[in-house]
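Structural overview for review
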Amino acid sequence: MVEAIWFVIALVMLAVVSVALILMIVLQRDVKATGRETRTQYLSPNYSQSAGFRLTAYPNNELIILQRYWLIDESIAALDYTIVPGRFMTLFIARRGRMRFPDNYYADAFESVEQYDINGLTVTQSQKAGRRAAVYWARGDFEYLIYSEEPEMNMMNGLAVCFVNNTRAERS
(Lines give C-alpha, C1' and ligand atoms only; values in the text may rest on other atoms or scores of the structure.)
Protein backbone atom coordinates (compact mmCIF):
# COMPACT_ATOMS: atom_id res chain seq x y z
CA MET A 1 0.00 0.00 0.00
CA VAL A 2 2.83 2.43 0.94
CA GLU A 3 4.62 1.58 -2.29
CA ALA A 4 1.49 2.39 -4.29
CA ILE A 5 1.17 5.79 -2.59
CA TRP A 6 4.83 6.60 -3.34
CA PHE A 7 4.32 5.51 -6.92
CA VAL A 8 1.30 7.85 -7.30
CA ILE A 9 3.24 10.73 -5.70
CA ALA A 10 6.14 10.14 -8.09
CA LEU A 11 3.77 10.14 -11.09
CA VAL A 12 2.13 13.38 -9.93
CA MET A 13 5.54 15.04 -9.44
CA LEU A 14 6.65 13.85 -12.86
CA ALA A 15 3.49 15.31 -14.39
CA VAL A 16 4.00 18.65 -12.60
CA VAL A 17 7.63 18.88 -13.73
CA SER A 18 6.64 17.95 -17.30
CA VAL A 19 3.96 20.64 -17.43
CA ALA A 20 6.40 23.20 -16.01
CA LEU A 21 9.03 22.32 -18.65
CA ILE A 22 6.49 22.51 -21.47
CA LEU A 23 5.29 25.92 -20.25
CA MET A 24 8.88 27.16 -20.04
CA ILE A 25 9.62 26.01 -23.59
CA VAL A 26 6.42 27.57 -24.98
CA LEU A 27 6.96 30.87 -23.18
CA GLN A 28 10.62 31.04 -24.27
CA ARG A 29 9.61 30.39 -27.88
CA ASP A 30 6.96 33.14 -27.66
CA VAL A 31 9.54 35.65 -26.40
CA LYS A 32 11.89 34.83 -29.30
CA ALA A 33 9.04 34.88 -31.83
CA THR A 34 7.85 38.33 -30.75
CA GLY A 35 11.38 39.72 -30.87
CA ARG A 36 11.19 41.15 -27.37
CA GLU A 37 14.47 42.26 -25.98
CA THR A 38 15.60 43.37 -22.58
CA ARG A 39 17.26 46.76 -22.28
CA THR A 40 19.05 47.82 -19.15
CA GLN A 41 20.18 51.42 -18.84
CA TYR A 42 23.68 52.00 -17.42
CA LEU A 43 25.37 55.04 -15.91
CA SER A 44 28.72 54.23 -17.56
CA PRO A 45 29.86 51.96 -20.41
CA ASN A 46 31.17 49.25 -18.09
CA TYR A 47 29.27 46.05 -18.89
CA SER A 48 31.80 43.80 -17.13
CA GLN A 49 29.37 42.16 -14.72
CA SER A 50 26.72 41.27 -17.31
CA ALA A 51 28.46 41.02 -20.69
CA GLY A 52 32.14 40.62 -19.78
CA PHE A 53 33.43 43.75 -21.52
CA ARG A 54 33.69 47.50 -21.17
CA LEU A 55 34.17 50.40 -23.54
CA THR A 56 37.50 52.16 -23.18
CA ALA A 57 36.95 54.80 -25.89
CA TYR A 58 33.93 56.26 -27.70
CA PRO A 59 33.08 59.63 -29.24
CA ASN A 60 31.37 62.28 -27.10
CA ASN A 61 31.79 65.96 -27.88
CA GLU A 62 29.79 69.11 -28.71
CA LEU A 63 28.62 67.71 -32.09
CA ILE A 64 28.34 64.01 -31.23
CA ILE A 65 26.42 64.12 -27.95
CA LEU A 66 26.10 60.90 -25.97
CA GLN A 67 22.62 60.57 -24.45
CA ARG A 68 22.34 57.06 -22.92
CA TYR A 69 24.15 53.77 -22.33
CA TRP A 70 22.20 50.53 -22.71
CA LEU A 71 22.85 46.82 -22.58
CA ILE A 72 20.55 44.76 -24.80
CA ASP A 73 19.85 41.15 -23.85
CA GLU A 74 22.89 41.17 -21.56
CA SER A 75 25.29 41.04 -24.53
CA ILE A 76 25.04 44.08 -26.85
CA ALA A 77 26.07 47.55 -25.74
CA ALA A 78 24.03 50.38 -27.28
CA LEU A 79 24.94 54.05 -26.98
CA ASP A 80 22.32 56.55 -28.11
CA TYR A 81 23.63 59.79 -29.62
CA THR A 82 22.25 63.10 -30.77
CA ILE A 83 24.16 64.33 -33.81
CA VAL A 84 24.02 68.11 -34.19
CA PRO A 85 21.82 69.51 -35.76
CA GLY A 86 19.10 67.25 -34.35
CA ARG A 87 19.73 63.80 -35.86
CA PHE A 88 19.92 60.58 -33.90
CA MET A 89 22.16 57.55 -34.11
CA THR A 90 23.00 54.46 -32.07
CA LEU A 91 26.38 52.78 -31.67
CA PHE A 92 26.16 49.02 -31.06
CA ILE A 93 29.08 46.95 -29.74
CA ALA A 94 29.12 43.19 -29.18
CA ARG A 95 31.60 40.38 -28.96
CA ARG A 96 32.21 38.71 -32.32
CA GLY A 97 29.33 36.47 -33.29
CA ARG A 98 26.87 38.11 -30.87
CA MET A 99 25.91 41.22 -32.84
CA ARG A 100 22.23 41.41 -33.63
CA PHE A 101 21.34 44.05 -36.17
CA PRO A 102 18.32 46.38 -35.78
CA ASP A 103 15.00 45.14 -37.19
CA ASN A 104 15.20 47.58 -40.13
CA TYR A 105 18.67 46.31 -41.08
CA TYR A 106 18.05 43.68 -43.75
CA ALA A 107 19.36 43.04 -47.27
CA ASP A 108 16.64 44.90 -49.21
CA ALA A 109 16.50 47.84 -46.78
CA PHE A 110 19.37 49.66 -48.51
CA GLU A 111 19.90 51.03 -52.02
CA SER A 112 23.68 51.04 -51.80
CA VAL A 113 26.23 48.93 -49.97
CA GLU A 114 29.92 49.69 -50.25
CA GLN A 115 33.11 48.61 -48.52
CA TYR A 116 36.13 50.78 -47.89
CA ASP A 117 39.15 50.96 -45.64
CA ILE A 118 39.66 53.13 -42.56
CA ASN A 119 43.11 52.73 -40.97
CA GLY A 120 43.43 49.11 -42.01
CA LEU A 121 39.90 48.04 -41.08
CA THR A 122 37.31 47.04 -43.67
CA VAL A 123 34.15 49.06 -43.16
CA THR A 124 30.80 48.22 -44.75
CA GLN A 125 28.44 51.14 -45.26
CA SER A 126 24.81 50.54 -46.21
CA GLN A 127 22.44 53.37 -47.08
CA LYS A 128 19.03 54.19 -48.45
CA ALA A 129 18.90 57.78 -49.71
CA GLY A 130 17.10 60.04 -47.27
CA ARG A 131 16.44 57.14 -44.90
CA ARG A 132 18.36 54.59 -42.86
CA ALA A 133 22.11 54.18 -42.93
CA ALA A 134 24.54 51.85 -41.19
CA VAL A 135 28.29 51.43 -40.90
CA TYR A 136 29.71 48.10 -39.69
CA TRP A 137 33.27 47.07 -38.80
CA ALA A 138 35.09 44.57 -36.61
CA ARG A 139 38.23 45.02 -34.54
CA GLY A 140 39.82 42.30 -32.42
CA ASP A 141 37.20 40.38 -30.46
CA PHE A 142 34.41 42.89 -31.14
CA GLU A 143 31.92 43.98 -33.79
CA TYR A 144 30.72 47.58 -34.10
CA LEU A 145 27.75 49.16 -35.87
CA ILE A 146 26.56 52.75 -36.10
CA TYR A 147 22.97 53.02 -37.27
CA SER A 148 20.60 55.91 -38.01
CA GLU A 149 17.03 55.85 -39.27
CA GLU A 150 17.09 59.40 -40.72
CA PRO A 151 20.64 60.69 -41.18
CA GLU A 152 21.60 63.94 -42.84
CA MET A 153 23.11 63.59 -46.31
CA ASN A 154 26.71 62.29 -45.98
CA MET A 155 26.41 62.24 -42.16
CA MET A 156 27.45 58.60 -41.89
CA ASN A 157 30.52 59.11 -44.12
CA GLY A 158 31.91 61.68 -41.71
CA LEU A 159 30.90 59.78 -38.60
CA ALA A 160 32.42 56.52 -39.84
CA VAL A 161 35.97 57.87 -39.60
CA CYS A 162 35.35 59.35 -36.15
CA PHE A 163 33.71 56.22 -34.71
CA VAL A 164 36.07 53.66 -36.28
CA ASN A 165 39.12 55.56 -35.05
CA ASN A 166 37.77 56.45 -31.60
CA THR A 167 35.72 53.48 -30.38
CA ARG A 168 37.31 50.63 -28.43
CA ALA A 169 36.02 47.75 -26.31
CA GLU A 170 37.99 45.30 -24.21
CA ARG A 171 37.26 42.12 -22.33
CA SER A 172 37.10 42.48 -18.59
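Description of the structure in this document. (Residues numbered from 1 in each chain as written. Predicted model: local features only at pLDDT ≥ 70, side-chain atom pairs only at ≥ 80, totals over all residues. Heavy atoms only, no water.)

Bringing the sheet that holds strand β2 (residues 46-47) into the picture now. With antiparallel pairing, 3 strands are arranged side by side in an open sheet as β2-β3-β11. Single-partner strands in this sheet number two, and they are β2 and β11 (168-171). One ladder, built from 2 bridges, connects β2 with strand β3 (residues 53-57); its direction is antiparallel. Opposite N46, over in β3, you have R54 as the bridge partner. (Pairing = 2+ DSSP bridges. Helix = DSSP H or I, 4+ residues; strand = E, 2+ residues; numbered from the N terminus.)

Bringing the packing of aromatic side chains into the picture now. Within this structure, the stated rule accounts for 7 aromatic pairs. Here Y58 and Y69 contribute two aromatic rings whose centre-to-centre distance is 6.0 Å and whose plane-to-plane angle is 90 degrees, an arrangement assigned as edge-to-face. Of this pair, Y58 sits in the loop between β3 and β4 (64-72) while Y69 sits in strand β4; the two residues are 11 residues apart in sequence, bridging distant segments of the chain. A residue is classified by how much of its surface remains accessible, and Y58, at 24% relative accessible area, is partly exposed. (Phe/Tyr/Trp six-rings, centres within 6.5 Å; stacked < 30°, edge-to-face > 60°. Buried < 20%, exposed > 50% of the residue type's maximum accessible area, 1.4 Å probe, protein only.)

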